[in-house]
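Summary of structural features
The lines below spell out each chain.
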Amino acid sequence: MRVALCQISSTDRPEENLATAETAVAEAAASGAELVVLPEAAMVHFGADLAGAAQPLDGPWATGLRGIAARHGVTVLAGMFAPAGDGRVRNLLLATGDGVDAAYQKIHVFDAFGHRESDSVAPGSEPVVIEVGGVRVGLAVCYDVRFPELFRRLALAGAQVIAVCASWGAGPGKREQWDLLTRARALDSTSWVLACGQADPGPVEGTAPRGIGHSAVIGPDGTRRAGLDGAPGLLVADIDVAEAAAVREAVPVLRNARL
């Protein structure tokens, strides 16, 4: 299965970000990718007016992304925001294309390092697994990566690949934590992990997490197979889904778990 991780840097204008998504998806599709992954907050970056930008799943941004996926014949994952109905928004990962139409609502909201995402973002509750070309793909968003239970549950639901879409906060040790956590979750779940983050925007005002880049493809044995630095870029990789089964047979942590 060929996958592409599109490391972009979102602006505060959804229509501009949709055009950026189209360019990235077109390049990924031209490379032969079946699954194209964009980061969390691909619709509009954190620190912008999320409530003002939020749109329903049948609104113009989601509809536009569906059109992009259809035009290029791929399945696309991309982060967006939708109204929650209580003044907050839902942080969603929209999955669309090739018969897929699903949305995962981020379960673990980022109330850490002095940031309170729960003030503006309502948490979800249900894990989501989709199917792309016969491959089961689990969905996760940013802070979710600190919770191994979710990754094990996705694997037990049949996921061989788990996409983690993020807008990772910068700070001392944060890049090292991103690397460690994505590799650990691959080991916990014995799954391929596609860790796609927002590119590093450089110096910005405020404390909102805007991204550090360093998107990576992690094998089910926890090894980093390919990756990017902090700049915008496209990472294309071929993954052998059968390797997840082989690792699960050699190190059957899912089967051996007792708690």
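Residues numbered from 1 in each chain as written. Predicted model: local features only at pLDDT ≥ 70, side-chain atom pairs only at ≥ 80, totals over all residues. Heavy atoms only, no water.

Brief notes about unusual backbone geometry
A positive phi is found at threonine 190, a non-glycine position, where the angle reads about 45°. Here threonine 190 shows up in the loop between helix H5 (174-189) and strand S12 (192-197). Non-glycine residue histidine 214 carries a positive phi angle of around 60°. Within the secondary structure layout, histidine 214 lies in the loop between S12 and strand S13 (216-218). (Helix = DSSP H or I, 4+ residues; strand = E, 2+ residues; numbered from the N terminus.)

Some remarks on the sheet that holds strand S10 (residues 135-141)
Strand order in the open sheet made by the six strands is S9-S10-S11-S12-S13-S14, with mixed pairing throughout. With partners counted over all chains shown, the strands left at the sheet margins are strand S9 (129-132) and strand S14 (224-227), one partner each. Across the sheet, the mean angle separating the axes of adjacent strands is 25° when strand polarity is ignored. As judged from the four bridges shared by S9 and S10, these two strands associate in the antiparallel manner. Each bridged residue has a counterpart across the sheet, and for valine 129 the counterpart in S10 is glycine 138. (Pairing = 2+ DSSP bridges. Axes fitted to C-alpha atoms, helices over the stretch in contact; angles between N-to-C directions.)

Topic: the packing of helix H4 (residues 148-156) against H5
Between two packed helices, both the angle of their axes relative to each other and the distance between the axes serve to describe the pair. Running from N to C, H4 and H5 point in directions that differ by 40°, and their axes come no closer than 8 Å. It follows from the interaxial angle that H4 and H5 lie oblique. For the crossing formed where H4 meets H5, the hand is right-handed. Of the residues in H5, those in contact with Pro148, Phe151, Arg152 and Ala155 of H4 are Arg185, Asp188 and Ser189. A per-class count over the contact of H4 with H5 returns three nonpolar, one polar and three charged. (Parallel < 35°, antiparallel > 145°, perpendicular 65-115°, else oblique. Left-handed = near helix turned anticlockwise from the far one by under 90°. Contact = heavy atoms within 4.5 Å. Nonpolar A, V, L, I, M, F, W, Y, C, P; charged D, E, K, R; others polar.)

Regarding the environment of isoleucine 107
Take isoleucine 107: it is sitting in the loop between strand S5 (100-105) and strand S6 (111-112). Since its relative accessible area comes to 17%, isoleucine 107 is described here as buried. When the C-alpha atoms of isoleucine 107 and glycine 124 are compared, they prove to be 4.3 Å apart, with 17 residues separating the residues in sequence. Ignoring sequence-local partners within four residues, the contact set of isoleucine 107 consists of Pro123, Gly124, Ser125, Glu126, Pro127, Asp144 and Leu150. (Buried < 20%, exposed > 50% of the residue type's maximum accessible area, 1.4 Å probe, protein only.)

Details of the packing of aromatic side chains
Counted according to the given criterion, the structure contains five aromatic pairs. Relative to phenylalanine 147, the ring of tyrosine 143 lies with its centre 5.2 Å away and its plane at 85°, an arrangement referred to as edge-to-face. Residue tyrosine 143 is classed as buried on the basis of its relative accessible area, which comes to 15%. Judged by its relative accessible area of 24%, phenylalanine 147 falls in the partly exposed class. The rings of Phe110, Phe113, Tyr143 and Phe147 are connected pair by pair, giving a single aromatic cluster. Of note, lysine 174 hangs over the ring of phenylalanine 113, and the distance from its end group to the ring centre comes to 4.6 Å. (Phe/Tyr/Trp six-rings, centres within 6.5 Å; stacked < 30°, edge-to-face > 60°. Lys NZ or Arg CZ within 6 Å of the ring centre and 35° of its normal.)

Observations concerning the layout of surface pockets
Empty space among the atoms becomes apparent when a probe as large as a water molecule is rolled across them. Its volume calculated, the largest pocket comes out at about 250 Å³. Along the wall of the largest pocket there are 19 residues; nearest its centre are Gly169, Ala170, Gly171, Thr207 and Ala208. Within the lining of the largest pocket, the residues separate by chemical class into nine nonpolar, seven polar and three charged. (1 Å grid on protein atoms, 1.4 Å probe; cavity = no way out; pocket = protein on both sides within 12 Å on 5 of 7 lines; lining within 4 Å. Points joined across faces, edges and corners; volume = space filled by probe spheres on them.)

Some details on empty space enclosed by the protein
With the rule as written, the count across this model stands at one cavity of 30 Å³ or more. Of the pockets and cavities examined, the largest cavity occupies roughly 90 Å³. In the lining of the largest cavity, the residues fall into six nonpolar, three polar and five charged.

Focus on helix H3 (residues 60-72)
Compared with the 18 Å implied by 1.5 Å per residue over 13 residues, the 18 Å span of H3 between its first and last C-alpha is a close match. Among all positions of H3, only Trp61, Ala62, Gly64, Leu65, Ile68 and Ala69 are buried. What you see down the axis of H3 is that its buried residues fit within an arc of 160°, all on one side. Residues of H3 that are exposed and point more than 90 degrees away from the buried face comprise Pro60, Ala70 and Arg71. In this structure, the buried residues of H3 make contact with helix H1 (14-30), strand S3 (75-83) and strand S4 (89-97). Glycine 73 sits one or two positions beyond H3 and adopts a positive phi of about 65°. (Expected span 1.5 Å × (residues − 1). Arc of directions from axis to C-beta.)

Function cannot be read off these values alone, since they describe shape.
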